[in-house]
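# Report on the structure
Each chain is listed here by its residues.
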Amino acid sequence: MKTKQRKVALFEFVEAADTKECIDFITKYLPLLRHHMLGFGWQIDKELQEFLESNNLSFAILSGEIPTRDNASYVALGTINANSTQERAQDSINGVANNTNNMMSADNVDSIKSESIPATFSGAFSRTLWISRIVRSGEEIYHNGDIVIESHINSGARVVAEGNLFLFGECRGSIEAHGDFIICSKILNPAVLFQDTIVSQEILHTINQSNALFKMIFKKGDNILVKEMI
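In this report, we go over the structure that sits alongside the text. Note that this is a predicted model, so its numbers are computed, not measured.

Take the pattern of salt bridges next. Tallying each qualifying case throughout the model produces 6 salt bridges. Glu50 is paired through a salt bridge with Lys46; the nearest N and O atoms lie 3.9 Å apart. Here Glu50 and its partner Lys46 are both found in helix α3 (residues 46-54), 4 residues apart, which amounts to about one turn of the helix. When its relative accessible area of 43% is taken as the criterion, Glu50 is described as partly exposed. The shortest N-O distance in the salt bridge between Arg172 and Glu170 comes to 3.4 Å. Its relative accessible area of 28% is what places Glu170 among the partly exposed residues. Residues joined by salt bridges that share partners form a network here, namely Glu140, Arg158 and Glu176.

Okay, structure coming up:
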């Protein structure tokens, strides 16, 4: 017998809700949730169970306290606050912009490569994955650090960064970031997970209506906020 341990991403429904509310929520965020196991803190009814099975979604009925992501593993040493996060994000934009200009003139502009960059650009991570081409439908990219994407993310693509995420083109795919911030231009798909929280339609509307070239998504306490950068 051959076995393999896999990392499972769990999306937990903490408070009990009626079946229609659950189905509407899952349908709305299906491109994102289909990549997670769904955990329910109550006994779901037959209608919801059949809906989950018809969409090939993995789910479980949870009991007891579920371990959560340890933030200490994902941030630099010291206290994280909104001001320091914004300063690091601005430094990152400046550094990434310089690197982007250099990379766009390179012969291997269509390649994906991982390069060392100064620690100030990537928080607790010393390596960043640079992607200088379009991320196409059906592609899944995962990196245990920061990810910089210079082009677009197409619908049907998925990008997961355990660190910060920099998006310089339009995003129509599913994205997840577990670092301190997301730098973005436009996000045209509601499938966005930031620090284990789904980014609301209101936040995405604010981002897409802004005239700023880049915006930063970050957290202050339990609230997700947006700051115009450039």
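Before going further, it helps to spend a moment on the packing of aromatic side chains. Summed over the entire model, instances satisfying the criterion amount to 8 aromatic pairs. With a centroid separation of 5.5 Å and 70° between ring planes, the pair formed by Phe11 and Phe13 is classed as edge-to-face. Residue class for Phe11 comes out buried when judged on its relative accessible area of 13%. Taken together, a centroid distance of 4.9 Å and an interplanar angle of 85° make the contact between Phe168 and Phe214 edge-to-face. Taken together, the positions of Phe168 in the loop between β9 (165-167) and β10 (170-171) and Phe214 in the loop between α6 (201-209) and β16 (215-220) put the pair 46 residues apart, joining distant regions of the chain.

Notably, Asn56 is not glycine yet its phi reads approximately 55°, a positive angle. Within the secondary structure, Asn56 is located in the loop between α3 and β3 (59-61). Using a relative accessible area of 69% as the deciding quantity, one classes Asn56 as exposed. One non-glycine residue with positive phi stands out, namely Gln195, at about 50°. Overall, the relative accessible area of 24% leaves Gln195 in the partly exposed class.

Looking now at the nonpolar core. Judged by nonpolar contacts, the single largest core of 26 residues is most densely connected at Ile147, Ile153, Leu165 and Ile175. At the level of elements, β5 (127-131), β7 (146-149), β8 (158-161), β9, β11 (174-177), β12 (181-184), β14 (192-194) and α6 are the ones that each hand at least two residues to this core. Here this core gets 3 residues from one element, more than from any other, and that element is α6. When residues no more than four places from it in sequence are discounted, the contact partners of Ile147 are Thr128, Leu129, Ile131, Ile141, Val159, Val160, Ala161, Asn164, Leu165 and Phe166. Judged by nonpolar contacts, the second largest core, of 20 residues, contains Ile26, Leu30, Leu32 and Leu48.

In space, the 3 strands of this open sheet follow the order β1-β2-β3, with parallel pairing throughout. Only two strands of the sheet have a single neighbouring strand rather than two, namely β1 (10-13) and β3. Taking each pair of neighbouring strands and ignoring which way they run, the sheet shows an average axis angle of 25°. Of the pairings in the sheet, the one linking strand β2 (residues 37-40) to β3 comprises 3 bridges and is parallel in character. Bridging from a neighbouring strand, Phe40 pairs with Ile61 of β3.

This next bit is on the sheet that holds strand β15 (residues 197-198). Sheet architecture is open: 5 strands sit in the order β6-β8-β11-β14-β15, paired in mixed fashion. Among the strands making up the open sheet, the edge pair consists of β6 (140-143) and β15. Bridge analysis of β14 against β15 gives 2 bridges, and the strand direction is antiparallel. From the neighbouring strand, Phe194 faces β15, where its bridge partner is Thr197.

Cut-off values and rules
- Residues numbered from 1 in each chain as written.
- Predicted model: local features only at pLDDT ≥ 70, side-chain atom pairs only at ≥ 80, totals over all residues.
- Heavy atoms only, no water.
- Salt bridge = Lys/Arg side-chain N within 4 Å of Asp/Glu carboxyl O.
- Helix = DSSP H or I, 4+ residues; strand = E, 2+ residues; numbered from the N terminus.
- Buried < 20%, exposed > 50% of the residue type's maximum accessible area, 1.4 Å probe, protein only.
- Phe/Tyr/Trp six-rings, centres within 6.5 Å; stacked < 30°, edge-to-face > 60°.
- Core = buried A, V, L, I, M, F, W, Y, C linked by side-chain atoms within 4.5 Å.
- Contact = heavy atoms within 4.5 Å.
- Pairing = 2+ DSSP bridges.
- Axes fitted to C-alpha atoms, helices over the stretch in contact; angles between N-to-C directions.

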